[in-house]
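Secondary and tertiary structure notes
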Amino acid sequence: MADPLPLTSRKYFDAVYIPAGLLVFGTYIVKKEWLPYAALAAVLLSVWKYGTLQPKKVLKPDTFQEFELKEKTIISHNVAIYRFKLPAPNAILGLPIGQHISIGADIKQPDGTTKEIVRSYTPISGDHQPGYFDLLVKSYPTGNISKHLASLAVGQAIKVRGPKGAFVYTPNMVRHFGMVAGGTGITPMLQVIRAIIRGRPTGDKTQVDLIFANVSTQDILLKEDLDQLAKEDSGFRVHYVLDQPPEGWTGGVGYVTADMVTKWLPAPAPDVKILLCGPPPMIGGLKKATEGLGFQKARPVSKLEDQVFAF
C-alpha cells in the first residue's frame, strides 16, 4: 500500500501549514478581534486540504472501470510497458503487494461473434507511485488480451477490476523467499522484491533468491532493473537460466531443475517460502521437484499459508 506522507513533508507545508498560517497572521494584522474565527477557518481548511492530499484507492473488485493509456514504451518487437492514467494525481490502485488485477475486453471471435475475455496481470508499479500504473506485457499471437493491449493507441482505455489473488506480502512474513519465474512470470516477483527492498529502512530483513528462466538473452525482461536491485541490495540475488544460451554463457542452461533449486534457493525450513510464476508445464514440474526436495506438497490452487505458492 502507499506509505503515508510524514507530517513534515513539503507537500503539507505548501498546501496546509503555510496557507493556514497566512490566514491567521493576516487576520492578526488586519483585525485582531477576528482571530478566533480565523483560527477556526484555518483548522477547517487544514483538515480539508489534508484529506485531499491522501491517496485515493480506485480499484473495485466486482466492477470494471476504464483507465486511459497515457504512454507506451516499446521494449522489443513483442514486449512493451503500458502506462495507464488514474483519475487524479494522488489516486492509487489500492493493490496489496502480491495481488493482481483483471483486464477485460470484448474480443471478436472467428465466427464473427464478440466475447468478453478476462485475463490477470500484475502491475510492475506500486501504490507508492500515485497517478498511474504500469503493465509489462508480452504480446502472443494467440493472446486475446495481450494482442488487444498491443493494438491500443495512446488515449484509448482498458477495463480493469481488482484486487485479486490469494497472496499478500507483509514485511518479514518469512526469513527467506526462493522464487522461480519464467518469462512474464517475473512481474509478481518484481512487485514483492521491490516492496522488500523499499522496506529495508523500516526493518524488512527478508532474503530473496530468484531463478529467472527464459529462452534466450533477448527474452530476459527487465534484466537491467533486476541487476541494479541485486547490486544495491545484498539481500537479493538473481540467477539466470536460458534454454538457448549464447557462447560463453555462465548461468544455468535448459529447464529449471531440482539441482538448480538446491544450488540457488533456500533449503526447506519453516520460515522459508517458495514462490512460482510462469508457464503451466514449468510450474507443474517445479511443484513435483520441490516436494522431492523436502518442501511441503503444493496444492493445485495455492493458498497464502502454503510453503510452495504458485501465482
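Our subject in this report is the structure included herewith.

Conventions and cut-offs
Just so you know, the residues in each chain are numbered from 1, in the order the chain's sequence is written. Residues qualify for local features only when their pLDDT is at least 70, as the model is predicted, and side-chain atom pairs are given and counted only at 80 or more; totals for whole chains, interfaces and linings, by contrast, use all residues. Water and hydrogen atoms play no part in the side-chain values, which are based on all heavy atoms of the structure. Only DSSP runs of H or I reaching four residues or more are called helices, and only runs of E reaching two or more are called strands; each is numbered from the N terminus. Between buried and exposed lies partly exposed: a residue is buried under 20% and exposed over 50% of the maximum accessible area for its type, with that area taken using a 1.4 Å probe on protein chains only. The contact rule is simple, with two residues in contact once any of their heavy atoms fall within 4.5 Å. Computed with a 1.4 Å probe, the accessible areas rest on the Shrake-Rupley method; for each residue, only the protein chains presented here act as cover. Counted as positive: Lys and Arg. Counted as negative: Asp and Glu, with His and the chain ends omitted from the count. Charged side chains are reduced to one point each, which is NZ for Lys, CZ for Arg, CG for Asp and CD for Glu. Among the buried residues, those of types Ala, Val, Leu, Ile, Met, Phe, Trp, Tyr and Cys that are joined through side-chain atoms within 4.5 Å form a nonpolar core. Following DSSP output, two strands are said to pair if at least two bridges run between them. For the purposes of these results, a polar contact is taken to be a pair of N or O atoms within 3.5 Å, where, inside protein, one atom must be able to donate a hydrogen and its partner to accept one; residues adjacent in sequence count only when each atom of the pair is a side-chain atom. A pair is scored as a salt bridge if a Lys or Arg side-chain nitrogen falls within 4 Å of a carboxyl oxygen belonging to Asp or Glu. In this scheme, a helix's expected span is set at 1.5 Å multiplied by one less than its residue total. Two kinds of site are reported from a 1 Å grid over the protein atoms alone, namely cavities, where a 1.4 Å probe fits but cannot get out, and pockets, open sets with protein on both sides within 12 Å along at least five of seven lines, and residues are called lining when an atom falls within 4 Å of a point. Grid points are joined across faces, edges and corners, and a volume is the space filled by probe spheres set on the points. Any residue that is not Ala, Val, Leu, Ile, Met, Phe, Trp, Tyr, Cys, Pro, Asp, Glu, Lys or Arg is counted as polar, Gly included; the first ten are nonpolar and the last four charged.

Assigned secondary structure in the protein chain consists of 7 helices and 14 strands. The principal-axis extents of the C-alpha atoms in the protein chain amount to approximately 80 × 55 × 40 Å. Residues counted as buried form 45% of the 311 residues belonging to the protein chain. Intrachain contacts of the protein chain at a sequence separation of at least 6 include 69% that bridge at least 24 residues. Carbon and sulfur atoms provide 58% of the accessible area of the protein chain, an area that totals close to 16500 Å². Charge centroids of the protein chain, computed over 35 positive and 27 negative side chains, lie 5 Å from each other.

So, about the nonpolar core. Formed by 34 residues in total, the largest nonpolar core has its most connected members in Phe177, Met179, Met189, Ile193, Leu210 and Phe236. Counting only elements with at least two residues in this core, the list comes to strand S3 (79-85), strand S9 (176-182), helix H4 (186-198), strand S10 (207-214), helix H5 (223-232), strand S11 (236-242) and strand S13 (272-277). Setting aside residues no more than four positions away along its own chain, methionine 179 makes contact with Met189, Val192, Ile193, Val208, Asp209, Leu210, Ile211, Leu265 and Leu275. Val58, Ile103, Phe133 and Leu135 belong to the second-largest nonpolar core, a separate cluster that totals 25 residues.

Here we come to the sheet that holds strand S14 (residues 308-310). Remark on secondary structure: sheet strands pair via backbone hydrogen bonds, oriented parallel or antiparallel. A sheet is described by the order of its strands in space; here 6 strands give the open sequence S12-S11-S10-S9-S13-S14, paired in parallel fashion. At either end of the open sheet lies a strand with only one pairing partner, and these are strand S12 (252-253) and S14. Looking at chain direction, S11 and S12 are connected through 2 bridges and run parallel. Its bridge partner lying in S12, leucine 242 is registered against valine 253.

This paragraph deals with the side chain of aspartate 233. Tracing the backbone through its elements, the reader meets aspartate 233 in the loop between H5 and S11. A distance of 2.9 Å separates the side chain of aspartate 233 from the side chain of arginine 200, its partner in a polar contact. From its side chain, aspartate 233 meets the backbone nitrogen of glycine 235 in a polar contact 2.8 Å long. The residues contacting aspartate 233, other than those within four sequence positions of it, are Ile197 and Arg200.

On to unusual backbone geometry. Following glycine 162, the chain continues into proline 163 via a peptide bond in cis, with omega recorded as 0°. As for its position among the elements, proline 163 is in strand S8 (residues 157-164). For asparagine 172, which is not a glycine, the phi torsion comes out positive at approximately 60°. Residue asparagine 172 is classed as partly exposed on the basis of its relative accessible area of 38%. A positive phi is found at leucine 222, a non-glycine position, where the angle reads about 55°. Mapped onto the elements of the fold, leucine 222 is located in the loop between S10 and H5.

With that settled, consider the pattern of salt bridges. Pairing is possible between side chains that carry opposite charge, provided their charged atoms lie close to one another. For the structure shown, the criterion picks out 11 salt bridges. A salt bridge links aspartate 134 to arginine 83; the nearest nitrogen and oxygen atoms lie 2.8 Å apart. On the criterion of sequence distance, the pair formed by aspartate 134 in strand S7 (residues 132-138) and arginine 83 in strand S3 is long-range, its members being 51 residues apart. Accessibility expressed as a relative area gives 8% for aspartate 134, which makes it buried. Take arginine 83: its relative accessible area is 23%, and that puts it in the partly exposed class. The salt bridge partner of aspartate 225 is arginine 194, with a shortest N-O separation of 3.3 Å. On the criterion of sequence distance, the pair formed by aspartate 225 in helix H5 and arginine 194 in helix H4 is long-range, its members being 31 residues apart.

Our next topic: helix H7 (residues 280-292). With 13 residues, H7 ought to run about 18 Å at 1.5 Å a step, and its terminal C-alpha atoms sit 19 Å apart, in line with that. Those residues of H7 lying buried are Met282, Ile283, Leu286, Lys287, Ala289 and Thr290. Its buried side turned inward, H7 meets S9, helix H6 (258-264), S13 and S14. Glycine 294 occupies a position one or two residues after H7 and carries a positive phi of about 110°.

For the rest of this paragraph, the subject is empty space enclosed by the protein. Here the structure, examined in full by the defined rule, presents 1 cavity of 30 Å³ or more. Space inside the largest cavity adds up to approximately 90 Å³. Contributing to the lining of the largest cavity are 15 residues, with Leu93, Leu95, Ser125, Gly126 and Asp127 lying nearest its centre. Looking at the lining of the largest cavity, the elements that each hand over two or more residues are strand S4 (91-92) and S7. Class assignment for the residues of the lining of the largest cavity results in 10 nonpolar, 4 polar and 1 charged.

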